[in-house]
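Letter by letter, the chains look like this.
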Amino acid sequence: MKAITIQSINLHTALLPYLAPFETSFGAETDKVALLVELTTEAGLVGWGECSIELWPGYGYETALMAQHILGEFLVPALLGVEIRDPREVPALLRRFRGNHHTRAGLEAAVWDAFAKTNDLRLTDLFASYAPPGHESQGAAVVGVSIGIQPSLEATLAVIQRRLDEGYGRVKLKIKRGWDIDVARAVRAAHPDLLLMLDANSDYRPQDAKHLTQLDEFNLLMIEQPLSHDDIYEHGRLQPQLQTRVCLDESVKTAGDLRLALQVGALGVLNLKPARVGGFSECLEIYGICVEAGLPLWVGGMLETGVGRAANLAFAALPAVNLPSDISATNRYFAEDISEPPFVLGADSTLTVPAGAGIGIEVQRERVEAAAARWRENYPYKRS
């Protein structure tokens, strides 16, 4: 593999309006904020990464302003002028800085993209070269759709039907205490054979275990992160009480977390979000653990722009990602993304990995500039 030397890194904070508000147990969001990392090598090739942060500390503690500070003051200077012979060197180069997984993941993603382009490889094939033997990219990934909390059961059923009509084969519904059993019952009555999962985003407590057992009757694919975002132990006590598989999301931030969760029986499925675990180097280690343990795996998302979506899709095309991933088509969230071409849902609820080198898409600079202007006009930090 040809090495790269990092010449410059520029940051672009972008704000894109969602087509419709997206509500979880944390609250409703109307806009997507993304901090885009533009990395240029000494050879003149450009790699792009996306820091999947949020407007406020809900899913995680990192926000756009925090990411700008951590990157500008610490992470970016640590990589300028450095020769990278293997993208997996990046975590060691940044090891003296703790935490900020979402932020560092965006920077590492830009390195992976630039490295793949330098070696004229699709990013998905570069990932496959570090996966266990026989794990070549499949070139596409089966995907599902995530549906936020709606104002009524009728509205929920209407949105589900619309997504099914678009061709999605798996539906994930956001739930919270007080919006769970009746929703699952209504959806299952309307769609007996639907591949259905529920995502609680940590809204329940250990004392809710008996209540959660009521979900077993609905033949769910899984229930995602029912208990606290930083808990593994209580999930290990909950899983034996449920027939439904528990899927961990927020609780697994490192490969070590996953090994612990497996040891205590805290999960039956893993949602692997590259941003949550600090980047694709950690993803590859976690991928290997899942292969060894036979643990069902899928790739989650943070409603990324095309930059983050393309990188996530490249990883989701690996064969051990054997459940539908949360990487919906572009028109699920945005009227106009910052990149071309858009991701379009294909047959059998799949997205195809772009054919070009690296992430395989073209960032549209005028759209990035417009989204950056929208950020400056509206934030930081105005919130009703």
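Cut-offs applied
Residues numbered from 1 in each chain as written. Predicted model: local features only at pLDDT ≥ 70, side-chain atom pairs only at ≥ 80, totals over all residues. Heavy atoms only, no water. Salt bridge = Lys/Arg side-chain N within 4 Å of Asp/Glu carboxyl O. Helix = DSSP H or I, 4+ residues; strand = E, 2+ residues; numbered from the N terminus. Buried < 20%, exposed > 50% of the residue type's maximum accessible area, 1.4 Å probe, protein only. Pairing = 2+ DSSP bridges. Axes fitted to C-alpha atoms, helices over the stretch in contact; angles between N-to-C directions. Parallel < 35°, antiparallel > 145°, perpendicular 65-115°, else oblique. Left-handed = near helix turned anticlockwise from the far one by under 90°. Contact = heavy atoms within 4.5 Å. Nonpolar A, V, L, I, M, F, W, Y, C, P; charged D, E, K, R; others polar. Core = buried A, V, L, I, M, F, W, Y, C linked by side-chain atoms within 4.5 Å. Bend = angle between axes of the 7 residues up to and from the residue. Polar contact = N/O pair within 3.5 Å; in protein donor to acceptor, adjacent residues only side chain to side chain.

Some thoughts on the pattern of salt bridges
Evaluated as defined, the whole model comprises 21 salt bridges. For Arg365, the salt bridge goes to Glu38, with nearest N and O atoms at 2.4 Å. In this pair, Arg365 sits in helix 12 (residues 365-378) while Glu38 sits in strand 2 (residues 27-41), placing the two residues 327 residues apart along the sequence. Residue classification places Glu38 among the buried positions, given a relative accessible area of 6%. Of the charged contacts in the structure, one is a salt bridge between Arg170 and Asp326, with a shortest N-O distance of 2.8 Å. Placement of Arg170 in strand 7 (residues 170-174) and of Asp326 in the loop between helix 11 (306-316) and strand 13 (339-340) is noted, with a sequence separation of 156 residues between them. The two residues Arg170 and Asp326 agree in class, both being buried. Residues participating in the shared-partner salt-bridge network are Arg170, Lys172, Lys174, Asp199, Glu224 and Asp326.

Side note on the sheet that holds strand 9 (residues 223-224)
Strand order in the open sheet made by the seven strands is 6-7-8-9-10-11-12, with parallel pairing throughout. On the outer flanks of this sheet lie strand 6 (145-147) and strand 12 (297-299), each paired with one strand and no other. The sheet contact formed by strand 6 and strand 7 spans three bridges and is parallel. Looking at strand 7, one finds that Ile147 is bridged to Leu173.

Concerning the packing of helix 5 (residues 153-166) against helix 6 (residues 181-190)
Taken N-terminus to C-terminus, the directions of helix 5 and helix 6 make an angle of 45°; their axes are 10 Å apart at the nearest point. Of the possible angle classes, the one that applies to helix 5 and helix 6 is oblique. For the pair helix 5 and helix 6, the crossing hand works out as right-handed. On the side of helix 5, the interface is formed by Leu153, Thr156, Leu157 and Ile160, while helix 6 contributes Asp182, Val183, Ala186, Val187 and Ala190. When its residues are assigned to classes, the contact of helix 5 with helix 6 shows seven nonpolar, one polar and one charged.

Concerning the packing of helix 3 (residues 101-118) against helix 10 (residues 280-293)
The interhelical angle for the contact between helix 3 and helix 10, taken along N-to-C directions, is 85°, at an axis separation of 9 Å. By the angle between their directions, the pair helix 3 and helix 10 is classed as roughly perpendicular. In contact with Glu108, Ala109 and Trp112 of helix 3, helix 10 contributes Phe280, Ser281 and Leu284.

Overview of the environment of Ala209
By secondary structure assignment, the location of Ala209 is in helix 7 (residues 209-212). Overall, the relative accessible area of 7% leaves Ala209 in the buried class. The spacing of Ala209 and Leu242 is 33 residues in sequence and 8.3 Å in space, taken between C-alpha atoms. Non-local contacts of Ala209, meaning those with residues more than four positions away in its chain, are made with Leu238, Gln241 and Leu242.

Focus: the nonpolar core
Residues Leu123, Leu173, Leu215, Leu258, Leu270 and Phe315 are the most contacted members of the largest nonpolar core, which totals 124 residues. Setting aside its immediate chain neighbours within four residues, Leu215 contacts Ile181, Ala184, Leu198, Leu220, Ile223 and Thr244. Ranked by size, the runner-up nonpolar core spans seven residues in total, among them Met222, Cys247, Trp298 and Leu323.

Here we look at helix 1 (residues 64-79)
The sharpest bend along helix 1 comes to roughly 50°, located at Leu71. When we look at burial in helix 1, the residues that qualify are Ala64, Ala67, Ile70, Leu71, Leu75, Val76, Ala78 and Leu79. Directly beyond the C-terminal end of helix 1, a positive phi value near 80° is found at Gly81.

Points about the side chain of Ser202
Here Ser202 is to be found in the loop between strand 8 (195-199) and helix 7. Judged by relative accessible area, which is 11%, Ser202 ranks as buried. One polar contact links the side chain of Ser202 to the main-chain amide nitrogen of His229, over a distance of 3.3 Å. Sequence-distant contacts of Ser202, defined by excluding residues within four places in its chain, comprise Gln225, Pro226, Leu227, Ser228, His229 and Glu250.

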